[in-house]
Structure formats: C-alpha cells, structure tokens
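# Tertiary structure, described
Single-letter residue listing:
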Amino acid sequence: MNEWYMSAKKKLETERKSGMYDRYAAVMKDAVCDALDGFCRQDGEFAQAVVQGGTFEDCMKAVARNCGSAISDLEAFRRAVQFYFPGADVRFQMSVNLCASVEGEEEAAPLPAPKAGRKILSLADFL
C-alpha cells in the first residue's frame, strides 16, 4: 500500500471515532467511512485529497445535509467523495446471479467424476 492510503486510513478511522455527529450522520458514518477507505485504496490521488482535505466530521455534515428522512447509499458515498474531491463521482454496478443458490450447493456437494475433455480433430490426422 502507498503512504497516502495508509495516512488516509488512519485519519478516517481516528476522526470517525472522535467526531460529533447528528443522528443522521451517526447512522451513516461507518458505511461511509468504509466506502471512503475502499476508494482511497483504489486511487492514491483520492487518498491524498482525503489526507489534505477537511475532517471526516465535516464530511458527514455535508453528507447528511438536506437528506430528509432517507438517502441512498450511493448518494451518501457520492456526497462524501465530492466533499474531498469536488467534481468526482461514484459509479455503482449491480448484477443478478440467477444460479447463486445452485452454485452454493455445488460447492458443498462432493466432487463429481471428471468429465471427458473436448476432442479437437485435425484433418491431417486422416491423411
């Protein structure tokens, strides 16, 4: 890991524990901190922005501002990222695995007998 990531991780963890949060920010702070940690691990420049930027307490105030009675995780993470790096955005990708329950059963089942491999024939074999 690079030094910016390690510094950002330490800063986020320390400030997450020491900050004063309203009830909305208090509910979201752990998930937002984990997401920011992941983003810092992905990008050294973002980690540097976190280290050199504002406090995590101020970040959570920005995230919770005008959130009404609810806010999506994606919007909370987006607001947190933009607090440290204005103009940045968060992309979110979801996919469905229709066979997840079957795949889980296959892992628990005993190993089946090996299947015959695919045969590749060359016309040269017949000459």
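Below you will find a few notes about this structure.

On to the pattern of salt bridges. Between side chains of opposite charge, a pair can form as their charged atoms come close. This structure, assessed with the given rule, holds 9 salt bridges. Of the charged contacts, one joins Lys-9 and Asp-37 as a salt bridge, the two residues approaching to 3.5 Å between their closest N and O atoms. One end of the pair, Lys-9, is in helix α1 (residues 3–18); the other, Asp-37, is in helix α2 (residues 23–42), with 28 residues separating them in the sequence. Ionic pairing is found between Arg-16 and Asp-30, a salt bridge with its closest N-O pair at 2.7 Å. With Arg-16 in helix α1 and Asp-30 in helix α2, the pair connects residues that are 14 residues apart, well separated along the chain. Given a relative accessible area of 17%, Arg-16 falls into the buried group. One connected set of salt bridges, linked through shared partners, spans Glu-13, Arg-16, Lys-29 and Asp-30.

At a closest axis distance of 10 Å, the pairing of α2 and helix α5 (residues 73–84) adopts a crossing angle of 60°. Taken together, α2 and α5 sit at an angle that is classed as oblique. In this structure, α2 crosses over α5, and the sense of that crossing is right-handed. Every residue of α5 that contacts α2 at Met-28, Ala-31, Val-32, Ala-35, Leu-36 and Phe-39 is listed here: Ala-76, Phe-77, Ala-80, Val-81 and Tyr-84. Counted by class, the contact of α2 with α5 contains 11 nonpolar, no polar and no charged residues.

What follows concerns α2. In this model, α2 (20 residues) spans 30 Å end to end at C-alpha, consistent with the 28 Å of a helix rising 1.5 Å per residue. Its maximal kink placed at Lys-29, α2 deviates by approximately 45°. Those residues of α2 lying buried are Ala-25, Met-28, Lys-29, Val-32, Cys-33, Ala-35, Leu-36, Asp-37, Gly-38 and Cys-40. Buried positions along α2 lie against α1, α3 (44–52), α4 (56–64) and α5. You can read the cap of α2 off the contacts: a side-chain oxygen lies 3.1 Å from the backbone nitrogen of Tyr-24, and it is on Asp-22.

Positionally, Phe-56 belongs in helix α4. You can call Phe-56 buried: its relative accessible area is 0%. Sequence-wise, Phe-56 and Ser-18 are 38 residues apart; in three dimensions their C-alpha atoms are separated by 9.5 Å. For Phe-56, the contacting residues outside a window of four places in its chain are Leu-12, Glu-15, Arg-16, Tyr-21, Lys-29, Val-32, Cys-33, Leu-36 and Tyr-84.

This brings us to α4. Those residues of α4 lying buried are Phe-56, Cys-59, Met-60, Ala-62, Val-63 and Ala-64. Lining the buried residues of α4 we find α1, α2 and α5. In the stretch just after α4, Asn-66 is the one whose phi turns positive, near 55°.

It is worth spelling out the nonpolar core at this point. Counting residues in hydrophobic clusters, the biggest one holds 26 residues, and the most contacted among them are Leu-12, Val-32, Leu-36, Cys-40, Phe-56, Met-60 and Tyr-84. Elements supplying a minimum of two residues to this core: α1, α2, α3, α4 and α5. It is α2 that provides the largest number of residues to this core, a total of 7 residues. Non-local contacts of Leu-36, meaning those with residues more than four positions away in its chain, are made with Leu-12, Phe-46, Phe-56, Cys-59, Ala-80, Val-81 and Tyr-84.

What counts and what doesn't
- Residues numbered from 1 in each chain as written.
- Predicted model: local features only at pLDDT ≥ 70, side-chain atom pairs only at ≥ 80, totals over all residues.
- Heavy atoms only, no water.
- Salt bridge = Lys/Arg side-chain N within 4 Å of Asp/Glu carboxyl O.
- Helix = DSSP H or I, 4+ residues; strand = E, 2+ residues; numbered from the N terminus.
- Buried < 20%, exposed > 50% of the residue type's maximum accessible area, 1.4 Å probe, protein only.
- Axes fitted to C-alpha atoms, helices over the stretch in contact; angles between N-to-C directions.
- Parallel < 35°, antiparallel > 145°, perpendicular 65-115°, else oblique.
- Left-handed = near helix turned anticlockwise from the far one by under 90°.
- Contact = heavy atoms within 4.5 Å.
- Nonpolar A, V, L, I, M, F, W, Y, C, P; charged D, E, K, R; others polar.
- Expected span 1.5 Å × (residues − 1).
- Bend = angle between axes of the 7 residues up to and from the residue.
- Polar contact = N/O pair within 3.5 Å; in protein donor to acceptor, adjacent residues only side chain to side chain.
- Core = buried A, V, L, I, M, F, W, Y, C linked by side-chain atoms within 4.5 Å.

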